[in-house]
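Geometric and topological summary
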Amino acid sequence: MATDPEAAEPVVPSLVDRYFTRWYKADVKGKSCEDHCILQHSNRICVITLAESHPVLQSGKTIKSISYQISTNCSRLQNKVSGKFKRGAQFLTELAPLCKIYCSDGEEYTVSSCVRGRLMEVNENILHKPSILQEKPSTEGYIAVVLPKFEESKSITEGLLTQKQYEEVMVKRINATTATS
Amino acid sequence: MFPLTEESKRVAQLLLNTGTCPRCIFRFCGVDFHAPYKLPYKELLSELQKFLETEKDELILEVMNPPPKKIRLQELEDSVDNLSQNGEGRISVSQDGSIASKISNLNVCNICLGILQEFCEKDFVKKVCQKVEASGFEFTSLVFSVSFPPQLSVREHAAWLLVKQEMGKQSLSLGRDDIVQLKEAYKWITHPLFSEELGVPIDGKSLFEVSVVFAHPETVEDCHFLAAKCPDCFKPAKNKQSVFTRMAVMKALNKIKEEDFLKQFPCPPNSPKATCTVLEIECAHGAVFVAGRYNKYSRNLPQTPWIIDGERKLESSVEELISDHLLTVFKAESFNFSSSGREDVDVRTLGNGRPFAIELVNPHRVHFTSQEIKELQQKINNSSNKIQVRDLQLVTREAIGHMKEGEEEKTKTYSALIWTDKVIQRKDIEFLNDIKDLKIDQKTPLRVLHRRPLAVRARVIHSMESHYVDEHHFRLHLKTQAGTALPGAEHTVLRKYFRWIHLLS
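Chain B carries the name tRNA pseudouridine(55) synthase in an unreviewed UniProt entry, which gives Callithrix jacchus as its organism. UniProt lists a comment for chain B under the heading Subunit (unreviewed entry), and it reads "Interacts with components of the microprocessor complex DROSHA and DGCR8."

For chain A, an unreviewed UniProt entry supplies the name Protein Abitram and the organism Cebus imitator. Under the heading Subunit (unreviewed entry), UniProt records this for chain A: "Interacts with F-actin. Interacts with G-actin." According to its UniProt record, chain A has this under Function (unreviewed entry): "Actin-binding protein that regulates actin polymerization, filopodia dynamics and increases the branching of proximal dendrites of developing neurons."

1. Here we look at the overall build of chain B
Scanning chain B from N- to C-terminus turns up 19 helices and 13 strands. Residues classed as buried in chain B amount to 48% of the 505 residues present. Partitioning the contacts of chain B with sequence separation of at least 6, the portion at a separation of at least 24 is 74%. Surface accessibility of chain B: about 26100 Å² in total, with carbon and sulfur atoms responsible for 50%.

2. Notes on the sheet that holds strand β9 (residues 387-395) of chain B
Strands belonging to one sheet form pairs held by backbone hydrogen bonds; the direction of such a pair is parallel or antiparallel. All names here are of chain B. Reading across the sheet, the four strands line up as β7-β8-β4-β9 and stay open at both edges, with antiparallel pairing between neighbours. Both outer strands of the open sheet, β7 (334-339) and β9, are each paired with one neighbouring strand and no more. Each strand axis lies, on average, 25° off the axis of its neighbour in the sheet, ignoring direction. Of the strands in this sheet, β4 (288-296), β7, β8 (349-361) and β9 are in contact with helix α14 (residues 318-330), which crosses β7 at around 140°. Sheet strands touched by helix α16 (residues 398-409): β4, β7, β8 and β9. Its angle to β7, the strand with the most contacts, is close to 35°.

3. Quick word on the pattern of salt bridges
Residues and elements named next belong to chain B. Scanning the entire structure with this criterion turns up 22 salt bridges over all chains. The salt bridge involving E166 is made with R10; its shortest N-O contact spans 3.4 Å. Residue E166 is found in helix α9 (residues 151-169), and its partner R10 is found in helix α1 (residues 9-17); the two are separated by 156 residues along the sequence. For E166, a relative accessible area of 8% translates into the label buried. Accessibility expressed as a relative area gives 30% for R10, which makes it partly exposed.

4. Describing the interface of chain B and chain A
Contact residues are listed per partner, giving 17 residues for chain B and 22 residues for chain A. Both sides together, the interface formed by chain B and chain A hides about 1500 Å², and carbon and sulfur atoms give 61% of it. Between chain B and chain A we count zero salt bridges in total. Our count for the contact surface shared by chain B and chain A stands at two residue pairs in polar contact (both at pLDDT 80 or more). At the level of elements, α18 (446-449) and α19 (486-497) of chain B are the ones that each hand at least two residues to the side of chain B that touches chain A.

5. Looking at the environment of L262 of chain B
Residue and element names in this part refer to chain B. Considering the arrangement of structural elements, one finds L262 in helix α13 (residues 258-264). Separated by 101 residues in sequence, L262 and L161 have C-alpha atoms that sit 8.7 Å apart. Leave out the neighbours within four places in its chain, and L262 touches L161 and C267.

6. Comments concerning the side chain of H41 of chain A
Along the chain, the position of H41 of chain A falls in strand β2 (residues 36-41). Residue contacts for H41 of chain A: discarding those within four places in its chain leaves Y19 and F20 of chain A together with R447 of chain B.

7. Brief notes about the confidence of the model for chain A
For chain A, the average pLDDT comes to 86, and 92% of its residues sit at 70 or higher. This stretch, residues 1-7 of chain A, has a pLDDT under 50; its non-local contacts, to residues over four places away or in other chains, come to four contacts.

8. With respect to helix α10 (residues 182-198) of chain B
All names here are of chain B. Helix length check: α10 (17 residues) gives 24 Å between terminal C-alpha atoms against 24 Å at 1.5 Å per residue, within 8%. Considering bend angle alone, the principal kink of α10 is centred on T190 and spans about 30°; proline P192 follows within four residues of it. Within α10, the full set of buried residues consists of L182, A185, Y186, W188, I189, T190, L193, F194 and L198. Buried residues belonging to α10 abut α2 (22-28), α3 (35-38), α8 (122-134), β1 (143-147), α9 and β2 (208-215). Positive backbone phi, approximately 75°, marks G199, located one or two places after α10.

9. Focus on a positive patch on the surface
Judged by side-chain charge, K84 of chain A together with R342, R451 and R452 of chain B come together as a positively charged surface patch. With respect to the secondary-structure elements, K84 of chain A resides in the loop between β4 (63-67) and β5 (91-92).

10. Considering the pairing of strand β13 (residues 473-481) of chain B
Residues and elements named next belong to chain B. Across nine bridges, the pairing between strand β10 (residues 411-419) and β13 is antiparallel. Counterpart to Y414 in the pairing with β13 is L478. Hairpin connection from strand β12 (residues 456-470) to β13: two residues lie between these consecutive antiparallel strands.

11. Considering the packing of aromatic side chains
Residue and element names in this part refer to chain B. A full pass over the atoms with the stated rule returns 23 aromatic pairs over all chains. Residues F337 and F356 carry aromatic rings whose centres are separated by 5.8 Å and whose planes lie at 15° to one another, so their mutual orientation is stacked. With F337 in strand β7 and F356 in strand β8, this pair connects stretches of sequence that are 19 residues apart. For F337, a relative accessible area of 14% corresponds to the buried category.

12. With respect to the nonpolar core
Considering soluble globular proteins, one finds that nonpolar side chains tend to be buried as a cluster. Residue and element names in this part refer to chain B. Judged by nonpolar contacts, the single largest core of 82 residues is most densely connected at L4, L116, Y186, V212, F214, L226 and F261. When residues in this core are grouped by element, the largest group, nine residues, is from α9. In this view, Y186 contacts I115, L116, F119, C120, F124, F144, V146, F148 and F214; residues no more than four positions away in its chain are not counted.

13. What about helix α12 (residues 246-255) of chain B?
All names here are of chain B. What α12 keeps buried is the set A248, V249, A252 and L253. End-on, the buried residues of α12 take up no more than an arc of 135°, which puts them together on one face. Of the exposed residues in α12, those oriented more than 90 degrees away from the buried face are M247 and N254. Contact partners of the buried residues in α12: α9, α11 (224-229) and α13.

Procedures and definitions
Residues numbered from 1 in each chain as written. Chains lettered and ligands numbered in written order. Predicted model: local features only at pLDDT ≥ 70, side-chain atom pairs only at ≥ 80, totals over all residues. Heavy atoms only, no water. UniProt positions renumbered as here; feature names shortened; annotations may be inferred. Helix = DSSP H or I, 4+ residues; strand = E, 2+ residues; numbered from the N terminus. Buried < 20%, exposed > 50% of the residue type's maximum accessible area, 1.4 Å probe, protein only. Contact = heavy atoms within 4.5 Å. Areas by Shrake-Rupley, 256 points an atom, 1.4 Å probe, with all protein chains shown as cover. Pairing = 2+ DSSP bridges. Axes fitted to C-alpha atoms, helices over the stretch in contact; angles between N-to-C directions. Salt bridge = Lys/Arg side-chain N within 4 Å of Asp/Glu carboxyl O. Buried area = accessible area lost by both parts, 1.4 Å probe. Polar contact = N/O pair within 3.5 Å; in protein donor to acceptor, adjacent residues only side chain to side chain. pLDDT = per-residue confidence, 0-100. Expected span 1.5 Å × (residues − 1). Bend = angle between axes of the 7 residues up to and from the residue. Patch = residues over 30% accessible without salt bridge, like charges linked within 9 Å, V, L, I, M, F, W, Y side chains within 5 Å. Lys, Arg positive; Asp, Glu negative; His and termini not counted. Charge placed at Lys NZ, Arg CZ, Asp CG, Glu CD. Phe/Tyr/Trp six-rings, centres within 6.5 Å; stacked < 30°, edge-to-face > 60°. Core = buried A, V, L, I, M, F, W, Y, C linked by side-chain atoms within 4.5 Å. Arc of directions from axis to C-beta.

Here it is, written out as structure tokens:
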């Protein structure tokens, strides 16, 4: 999270780090560097966000617009849940698309769920102000909130990377890039 | 003075011949004052015989075509062994063997199955009282509840038809209400006996209940014919063992036609071989309530035990620290803890404390002086520095309602320490003091979203007060509407007015 890993002062743990565990999925859907970060709350709710290594979060990228219309018949904005058991929620698989991000340089990125579960809500604030996604990807710029099935709450992280594993992947990636250049 | 009149002689004789006990005879003859029922059984028998003796000869003639069992009056005075046709007559030696042998002069009553014979007399009452005393409850009054086997209603119904018919011959009518109910007569006799034995009054409103359940396995099938005749009265209930509950049986008896009944059930009812058995004698005390306020000084203490998959995540809890002492002192079976709202594990509760109430289930000890309650409070406070209790007191059930109202309607005061990334000066936070009745729309916090519906709730922050600590810290006191999620509230407010503050929460 800190851009400078050798900060002199101790970093105050953020809300995110106090209540959530970070899980990562790298190169989602085979697309290079499109890394996602899943914030898992101790109550098993998952917040889907972009990992800091995602192309959209790199400097120089400008987001033109974001759309939750993922197909002709399906818009994540139409998701409506009711009651304690969240009836009516759209059910997501790991590869289910959440939204499409259109950048000014013509690039288009799809954000995927990465976890199975019921869609609670998508972040409407980033529709109105896409820059929040880039400024605060782990907090106000989140993509969606997903509630996994109770029985699956532990198994959903089996296919994901821990913070440490993610960092190792990042190192490998940098080394591979420097090696080829 | 013997309570039966000339008018009732024929009915009384008929009933006695068919195997009915004196007290049931009284009931069917409309004897509705208590005194006669309280006389000892033996005395009642002999008085009854004397009363009927005058017409003995005629009556023996009349009963020429008797139902299978006939009791001749002389035999009543004599031997223990009653030699009737079917050899029925001996009260089988039940668990209450000693009691049974004393009243072996007469068969088990064909209507009350022994309830108004041995089971309303002093010996039985003593036996129940022994159990009550052994149970260790503290009580100053009691309510006595008794449950009879449903087939008694069927026998009662048959006897009523029989008597009605007999009285019809004398051009007399007999309504159901003219008959004294079995339970009523039973209570007339037993209540004073219980009072005397235990030294406390019987009071319908008492919290202490003594309950006795009778059963008569031999005649359980007496009711079954009703299911065929009135099937809609008997709905199979999931939890109950038998479909033949008292209510269902009564309903069916009201429905069934006389002719149909008489076809299916012997009238007069036949005498059973054995008397009733006592299925259970239980005592229970209604719940008592203790209320107070608690302060929480630990940031590591949940309100209720935190157990996931059988594993305890954090040691102890507010409710255990308070209730464990109460459980012991009140000698209660279990407790239910409730409070006016609650706080997180890592949040302290200061000020006057949060109101709470504890329901103590089936307490064995219920009377405490205010001094004893004070000592109990002190004991709780001495046992832990994580919580402190005040204003501990006994309250009524209504108190819980009042307390829960507070959860929705009262205002809450919070104090939060805010850390700021950028440097702040005193004047920078002063404007917060002027914000009044700020409306915020709160979505269900993620923290509780897994167990509560997703919704937006309008909340109000009534007022705030800021206290400067240093360049990176200030304290914020908020007075909010009940149910406002604090971190969300702070975030919304401060983000709105104070964009460059990086919040801790």
